[in-house]
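Below, each chain spelled out in residue letters.
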Amino acid sequence: VPDWNCCGASAAHALDHRASLNLAARNLALAQSGPQPVVVPCALCFNRLKAAQHELAEDQSLLLPEIAEHLTDLDAVKVVELNSFLTSLDMIAQTEAKANKRLSGLKPVVYYGCQGQRPPAVTGHPAHENPMGIDLLLDSLGAEVIDWPFKTDCCGASHSVARPDLVHALVGRLYERALERGANCIVTGCQMCQANLDMYQKEIAAEMDQEVYLPVFYFTELIGLALDHKETSTWLKRHMVSPKQLMSQSGLPTETWERL
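Engineer: Is there a simple way to think about the overall build of the protein chain in this case?
Structural biologist: Assigned secondary structure in the protein chain consists of 16 helices and five strands. Rg of the C-alpha trace for the protein chain: 19 Å, near the compact-globule value of 18 Å for 260 residues, within the 12% margin. Counting only C-alpha atoms and orienting by the principal axes, one finds that the protein chain spans roughly 60 × 45 × 30 Å. For the protein chain, the proportion of its 260 residues judged to be buried stands at 48%. Across the protein chain, every contact between residues at least 6 apart in sequence was considered, and the portion connecting residues at least 24 apart equals 74%. Taken as a whole, the protein chain presents about 12600 Å² of accessible surface, with 54% of it coming from carbon and sulfur.

Engineer: Please explain the layout of surface pockets as it appears in this structure.
Structural biologist: Rolling a probe over the atoms, with the probe sized like a water molecule, indicates the empty space that remains. By volume, the largest pocket is sized at about 410 Å³. If you trace the largest pocket, you find 21 residues lining it, with Val1, Trp4, Val38, Val40 and Leu49 closest to the centre. Elements supplying a minimum of two residues to the lining of the largest pocket: helix 2 (17–31), strand 1 (38–40) and helix 3 (43–56). Here the residues of the lining of the largest pocket sort into 18 nonpolar, three polar and no charged. Roughly 160 Å³ of volume is contained in the second largest pocket. What lines the second largest pocket is a set of 13 residues, and nearest its centre among them are Ser84, Thr87, His125, Met132 and Gly133. Elements represented by at least two residues in the lining of the second largest pocket include exactly helix 5 (82–85) and helix 8 (133–140). In terms of residue class, the lining of the second largest pocket is made up of six nonpolar, seven polar and no charged.

Engineer: Even after reading the chapter, I still don't get empty space enclosed by the protein, so can you show me in this structure?
Structural biologist: The tally for this structure, following the rule as stated, stands at one cavity of 30 Å³ or more. Counted as a void, the largest cavity has a volume near 70 Å³. Leu44, Tyr111, Gly113, Cys114, Gln115, Asp153, Cys154, Cys155, Ala157, Cys190, Met192 and Cys193 together form the lining of the largest cavity. In terms of residue class, the lining of the largest cavity is made up of nine nonpolar, two polar and one charged.

Engineer: Can you walk me through the side chain of Thr95 in this structure?
Structural biologist: As for its placement among the helices and strands, Thr95 is situated in helix 6 (residues 89–98). Note on Thr95: relative accessible area 13%, which makes it buried. Within the structure, Thr95 has its side chain in polar contact with the backbone oxygen of Met91 (distance 2.9 Å). Dropping the residues within four chain positions of it, Thr95 is found in contact with Leu137, Leu141, Ile223 and Leu227.

Engineer: Any chance you could explain the pattern of salt bridges here in plain terms?
Structural biologist: Charged atoms that come close allow side chains of opposite charge to pair. Within this structure, the stated rule accounts for six salt bridges. Of the charged contacts, one joins Arg26 and Asp3 as a salt bridge, the two residues approaching to 2.5 Å between their closest N and O atoms. Here Arg26 is found in helix 2, whereas its partner Asp3 is found in the segment before helix 1 (12–15), with 23 residues between them in sequence. Given a relative accessible area of 57%, Asp3 falls into the exposed group. Linking Glu129 and Arg118 is a salt bridge whose minimum nitrogen-to-oxygen distance equals 3.9 Å.

Definitions and limits used
Residues numbered from 1 in each chain as written. Predicted model: local features only at pLDDT ≥ 70, side-chain atom pairs only at ≥ 80, totals over all residues. Heavy atoms only, no water. Helix = DSSP H or I, 4+ residues; strand = E, 2+ residues; numbered from the N terminus. Rg over C-alpha atoms; globule rule 2.2 N^0.38 Å. Buried < 20%, exposed > 50% of the residue type's maximum accessible area, 1.4 Å probe, protein only. Contact = heavy atoms within 4.5 Å. Areas by Shrake-Rupley, 256 points an atom, 1.4 Å probe, with all protein chains shown as cover. 1 Å grid on protein atoms, 1.4 Å probe; cavity = no way out; pocket = protein on both sides within 12 Å on 5 of 7 lines; lining within 4 Å. Points joined across faces, edges and corners; volume = space filled by probe spheres on them. Nonpolar A, V, L, I, M, F, W, Y, C, P; charged D, E, K, R; others polar. Polar contact = N/O pair within 3.5 Å; in protein donor to acceptor, adjacent residues only side chain to side chain. Salt bridge = Lys/Arg side-chain N within 4 Å of Asp/Glu carboxyl O.

Listed below in structure tokens is the structure:
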């Protein structure tokens, strides 16, 4: 979106409701005449854009005049989260057809986080408590996806800055639940969730007094692995919890993990 601006996540709506509404509305105004849908990789940005769109559909009185002048067709903007866009049945079929590597040996639980699905009246998500898109995608690519009831629990998001104790408690419970289910990794569709689950794993495991080894993948990394994308090993090298041990034990493509 040309000349886009920050949507105000994650705190603007708690500090100044009108400002947060107009930050999101300006982006909607800029996007309304462009290609659709507007695909949003960040769950927080997606939630703020959808929240603004939902409220403005009822009342536009809080809009600044210069934004109201340009936001002429709210219904023209189709806001879609990236993981929903890439896990439609058509997209899954295309990805499976083009994949030349199988994700055999991966036993992930999928963690969607809480911002992309809730509240359903705002997001419009048809399965806000039990989303299945990434599960179906990974299953089609050969992973042994493990079902669990915690896929939309909260990880604490940006509270990692102000309340790391809170984030550690929430993430620690997710580790316990994933391990109890027999998972050997976690796959997420939210970058903030990936950061919280990957960056502090060693520290949280020490607080839990428990051994934890759960590589945390962003779902597009595994699409890249299945499609044999040349940059995949570069992406995986950036993880705090290296997936090298898991990949070497699970039979995933040798040329990828040997470069980690």
